[in-house]
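# Close look at the chain arrangement
Listed below are the residues making up each chain.
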2 protein chains.
Amino acid sequence: MKRHDLTIGDVAERTGLATSAIRHYESEGLVHPYRNDAGQRRFARTDIRRLSFILIAQQLGFPLSDIRDQLAPLPQSRGPNKSDWARMSRRFGRVLDERIAQMQRLRDRLDGCIGCGCLSLETCALYNAEDRAAKRGAGPRFVIDDTVDD
Amino acid sequence: MKRHDLTIGDVAERTGLATSAIRHYESEGLVHPYRNDAGQRRFARTDIRRLSFILIAQQLGFPLSDIRDQLAPLPQSRGPNKSDWARMSRRFGRVLDERIAQMQRLRDRLDGCIGCGCLSLETCALYNAEDRAAKRGAGPRFVIDDTVDD
DNA sequence: ATAATTCTTCAAGTACACTTGAGGGCAAGA
DNA sequence: TCTTGCCCTCAAGTGTACTTGAAGAATTAT
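So, here's what we can say about the structure. What you see is a predicted model; the values in this text were computed from it and never measured.

### Re the protein's contact with DNA strand C
Lining the immediate environment of DNA strand C, one finds 19 residues, of which Gly9 and Arg41 of chain A together with Ser20, Tyr25 and Gln58 of chain B sit closest. A share of 86% is what sugar and phosphate atoms reach among the atoms of DNA strand C within 4 Å of the protein. Here a phosphate oxygen of DNA strand C and a backbone polar atom of Gly9 of chain A are 2.7 Å apart. In this structure, a phosphate oxygen belonging to DNA strand C sits 3.2 Å away from a main-chain N or O atom of Ala21 of chain B. Among the secondary structure elements, those contributing two or more residues to the surface near DNA strand C are α1 (8-15) of chain A together with α2 (19-27) of chain B. Ranked by the residues each element gives to the surface near DNA strand C, the list is headed by α2 of chain B, at four residues. Among the residues making up the surface near DNA strand C, the classes are represented as seven nonpolar, nine polar and three charged.

This is the structure:
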């Protein structure tokens with residue numbers, strides 16, 4: 001049987017996060033430490049994994065609200081098991097694959113679009129269609145359009 | 001011979017950016033429109049491409065300061081030509097390739113690290129080493145470490 | 001037991017990337 | 001010409017993601 005009580009300092013040291021950041025994540029509902037009798041936070045070991053995930057997702061540009069949603073299906077702090085994490089990993093993996101594919105397309109377009117100097121609207125309307133329209137609901141986003149005349 | 005004068009409204013319509021955003025980019029030194037006699041901004045057609053590039057780079061998570069640096073080698077607003085853009089595109093393409101590779105590694109690690117449930121520190125120390133150490137200068141970032149005990 | 005360290009809350013501050021609003025000037029169509 | 005619409009600046013506000021600081025309580029080390 002293992003100890004299940006890490007202080008915020010322990011967790012900070014093991015994740016590299018500032019304690020203030022961890023408190024902030026709690027206030028935003030991304031972690032749910034329990035409190036000891038004196039009201040101090042105590043973290044389960046699994047919370048380190050949770051925080052690590054937050055760190056990764058953050059780095060990939062996901063806002064905390066999205067990360068909270070991704071983490072939501074995991075049992076509240078105590079006892080998410082292997083299959084919980086595996087399920088969640090599969091979901092997130094798909095999101096990541098999308099991102100990678102999107103970035104790849106963007107990279108290709110950079111070659112074919114800025115690189116060659118043609119910069120046709122049609123080509124870049126694709127970028128527009130899939131990358132921005134979904135995000136901002138509407139509003140035309142004609143990107144990289146600029147007929148070269150120099 | 002083509003007209004070389006677009007108002008901020010024209011540019012906003014063609015890029016999908018808000019005029020306030022474009023003014024902000026100017027104040028941050030990312031675009032350099034000239035002014036007419038009355039002090040109104042006038043943009044060259046090539047500025048649309050410039051702004052489109054800003055939009056893309058932004059979406060990829062680059063801060064405006066980085067984008068300014070990337071754009072810096074381009075001639076100031078008037079007359080960056082095909083080879084200017086091509087050079088710049090090659091540079092940015094390399095940055096993008098790095099990002100893609102990084103994300104790919106992360107995705108693989110998600111499989112092998114969260115996915116399987118083993119979550120070994122050694123595996124994730126890799127993530128740590130290449131993705132965070134570089135960024136934050138120092139400070140240990142032990143990520144995803146959490147021996148499963150449930 | 002005492003002292004040092006770590007923890008607590010809460011309010012305010014910071015950085016980035018803008019948006020909004022006030023007050024006023026310029027431009028193009030009827 | 002007039003009036004509608006777009007443009008200007010500047011200050012202040014917004015949202016996200018935190019950090020910093022003050023005042024004090026709990027924990028740990030000696």
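Having seen the model, we can carry on.
### Some words on the protein's contact with DNA strand D
The local shell around DNA strand D holds 19 residues, among which Ser20 and Gln58 of chain A together with Gly9, Arg23 and Arg41 of chain B are the closest. The sugar-phosphate portion of DNA strand D accounts for 89% of its atoms within 4 Å of the protein, the bases making up the rest. Between DNA strand D and the protein, one listed contact pairs a phosphate oxygen with a side-chain N or O atom of Asn36 of chain A at 3.2 Å. Measuring from a phosphate oxygen of DNA strand D, one finds a side-chain N or O atom of Arg35 of chain B at 3.0 Å. For the surface near DNA strand D, the secondary structure elements donating two or more residues are α2 (19-27) of chain A together with α1 (8-15) of chain B.

### Some points on the packing of aromatic side chains
Residues and elements named next belong to chain A. Throughout the structure, instances matching the rule amount to four aromatic pairs over all chains. Summarising the aromatic geometry, the rings of Phe53 and Phe92 are spaced 4.8 Å apart at their centres and angled 70 degrees between planes, so their arrangement reads as edge-to-face. Linking Phe53 in helix α3 (residues 46-59) with Phe92 in helix α5 (residues 82-115), this pair joins segments that are 39 residues apart in sequence. We note that Phe53, like Phe92, is buried. Taken together, the ring pairs in this structure connect Phe53, Phe62 and Phe92 into an aromatic cluster. One cation-aromatic arrangement involves Arg99 over Phe62; the distance from NZ or CZ to the ring centre is 4.3 Å.

What counts, and where the lines are drawn
Residues numbered from 1 in each chain as written. Chains lettered and ligands numbered in written order. Predicted model: local features only at pLDDT ≥ 70, side-chain atom pairs only at ≥ 80, totals over all residues. Heavy atoms only, no water. Near = heavy atom within 4 Å. Polar contact = N/O pair within 3.5 Å; in protein donor to acceptor, adjacent residues only side chain to side chain. Helix = DSSP H or I, 4+ residues; strand = E, 2+ residues; numbered from the N terminus. Nonpolar A, V, L, I, M, F, W, Y, C, P; charged D, E, K, R; others polar. Phe/Tyr/Trp six-rings, centres within 6.5 Å; stacked < 30°, edge-to-face > 60°. Buried < 20%, exposed > 50% of the residue type's maximum accessible area, 1.4 Å probe, protein only. Lys NZ or Arg CZ within 6 Å of the ring centre and 35° of its normal.

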